[in-house]
Every structure is written in C-alpha cells, then in structure tokens.
Amino acid sequence: MRTHHILTGTALALCLAAPAANAETWRYAFEEALEEVQGKFAQKFKEEVEANSDHEVQLFPFGTLGESADTMEQAQAGILQFVDQSPGFTGALIPEAQVFFVPYLLPQEQEPLFEFFRNSVAINELFPELYAEQGLELLTMFPEGEVCMTTQEPVRSPEDLNEVKFRVMTNPLLVESYNAFGAVPTPLPWGEVYGAMQTGIIQGQENPGFFLESTKMYEVSNVITCIGHNNFTTAVMANKEFYDGLPEADQLIIQNATDAAFEYILEYQQGLQEESLDKIREAKPDMEINVLSEEERQPFMETAAQVEEAFIGMAGESGQQILDQMKQDLEDARQATSG
C-alpha cells in the first residue's frame, strides 16, 4: 500500500517557488508511480526534452503533490506545466471525456486499439478544443491496458455484483456503468482504496493488470475478473497559457517528445497484461483469475446502450458528436488493421 504525502498550500508554494515564467525547469505530475505506465511515459518524455533542449523536466509521481484533483488545479493554475490525468477525473470539467467509460466501446485487441489512438479524429481534432476551454493544451491520449475487477467473490454475471460496494473514480458515468452492472458504485480517492478493501468498506474495484500487480491490490482481494469492458485511457496535457507562450522551437520539442513517448509506451505495453497477471499468480498462488467467455460477457455488454444514453444526457449534443466520431474512428481502425 502506498504512503501519500499531501502538501499544504503553503508547503506547495515553498516547494514550487520558481517563477512561473522560468521555462528552464518544467514540472510534470502524473497519477501513478515512476515505474508504472504513466511514469514510464513521463520518463521517456523527460529524456526526449532534455536530449533536445536545455530545459529540465521535473517529475512528480502520484501522491507527491496530492490527489488527482489537486494536480489538475495546479496544472490549470500554471504551478505545473504538464499533467497526466485520466478522463475519469477530468469528467467533471469536460463531460465529453467520460465517453471513455462507455463499456465495450474500445476494442481489447491491441492492433485496432493502438491504430485508433494514433489516428482518431475525435482525439486529435475534437477533444483539443474542449480541453482548451479549461485552460489545457491536450498533447495526447493513450491506453494503459485492459481493466479487470478485483472482488472477494467470483463474478460470472451482473447478478454476482448485486449489493457489492464497488469503488469507482469520482466520475458520474462510471457510477452509471456500475449501476447498470448491478453493483453499488462507491466513489473513493485512490489513496483510500487498499484500506477500504482490507476492512470491507468496499468489496470491489477495477484497474489494469499492471496496476493491480504493482499496487498489490491482490493482497486484499480473492478474485480477479476480466470482462473486456474497458481499456484504461489517460491524457497528457500542458497548461495552455504556458504552452501558447513558448517559442515555436520549444513547442516542437514538446510535440516531438510527446510523439516519441507515445510510440514508446505502446511498445512497452505489448504483453504487459499477461505478464502482470502471471506475477500476481506467482505472488499469490491461490488467487482466482477469470477471463469471461463471450457468452458470459453478453449480459454485461447489454448494459452499454443504457450507459451510452446516460452519457448523452450528461454531455449533450457535443457528447453525441464525440461518440459518433469515436465510433467512426474505431471502425476505421478495425478496417485498417483487419488485413
């Protein structure tokens, strides 16, 4: 279980006392540990920036500057130049970003998934405008791996989630999704999840395989269930005022570093899910790990339309446009990789 060090406003101000206009040191916070997927991306980004400029990139793993809401506030305020945050947390700011929690929208096969993230019109053209309205320059989005549930009892159908208190991010659509699955969605900050599972305050939570392994969530769970419903997505952003104020040469350095880190992280993920589940089996031989069959997944898949409808209710016409474009982008990605 991780220890979190939350800085008070005064301590944070002292810690980050360098003038905002000083571009020599750029500060970058993310939601995971240094050796987890977001940390690997951040390290590659730092390496590329520092290899191609005189700038330094200072990395802040999860917990060093607070929870996700804290780092987003700091990025919008210009205290941080860069932030990596899942749309799960930005959903309150940008309702359309919740589209990534519509179950069974994203494919689990890596080829079409990666093709989609590389070339999606929704990601590359529509989302940047929405992030810009919140003072953020969207640099990229990337997948982190198939999301699986950890619970105390086996899950073979939505009935098995009945009355199960299931931790979700503070995201209205994720709440809707687990309602549709039959669970009792329980929003909790990540820092409280291990303890809540340990003490029975909650009985379930979801995350990609690598995160279940690295955070040792298997220690406080009996069963891992993969139902193919989602692939965890995250977004890397810059403070827009900072980014717009940079010379073109620096903007190009950032874009090139982002592209290099994006390709690196897709390569890094090849086989990562299976490797992570194998490590969990090794660490806890009696851990039950179930990958549901297509037939078993069907009742879960049938909830997607209900969640889509809820998404449109939350995000309106703009959300409908994003969803339609994403479906088109996903179809294009499948066709591009089917040969």
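Our structure is the block above this text.
Now for a description of the structure that goes with this document. (Residues numbered from 1 in each chain as written. Predicted model: local features only at pLDDT ≥ 70, side-chain atom pairs only at ≥ 80, totals over all residues. Heavy atoms only, no water.)

1. Things to note about the pairing of strand β7 (residues 204-208)
Burial of β7 is extensive: five of the five residues sit out of reach of the surface. Where strand β4 (residues 136-151) and β7 come together, five bridges link them in antiparallel fashion. Across the sheet, M149 pairs through a bridge with E206, a residue of β7. (Buried < 20%, exposed > 50% of the residue type's maximum accessible area, 1.4 Å probe, protein only. Helix = DSSP H or I, 4+ residues; strand = E, 2+ residues; numbered from the N terminus. Pairing = 2+ DSSP bridges.)

2. Here we look at the nonpolar core
By size, the foremost hydrophobic cluster in this structure holds 105 residues, and its most contacted members are Y28, V99, F127, Y131 and M326. With residues near it in sequence (within four places) discarded, Y28 still touches F41, A42, F45, V57, Q58, L59, F60, L80, F82, D84 and V236. (Core = buried A, V, L, I, M, F, W, Y, C linked by side-chain atoms within 4.5 Å. Contact = heavy atoms within 4.5 Å.)

3. Things to note about the state of the cysteines
Taken as a whole, this structure holds one disulfide when the rule is applied. In this model C148 forms its disulfide with C226; the gap between the sulfur atoms is 2.1 Å. Residues C148 and C226 share a disulfide whose torsion about the S-S bond is about 100 degrees; that sign makes it right-handed. With C148 in strand β4 and C226 in strand β8 (residues 223-226), this residue pair connects regions lying 78 residues apart in the sequence. Neither C148 nor C226 differs from the other in exposure class; each is buried. (Disulfide = S-S within 2.5 Å.)

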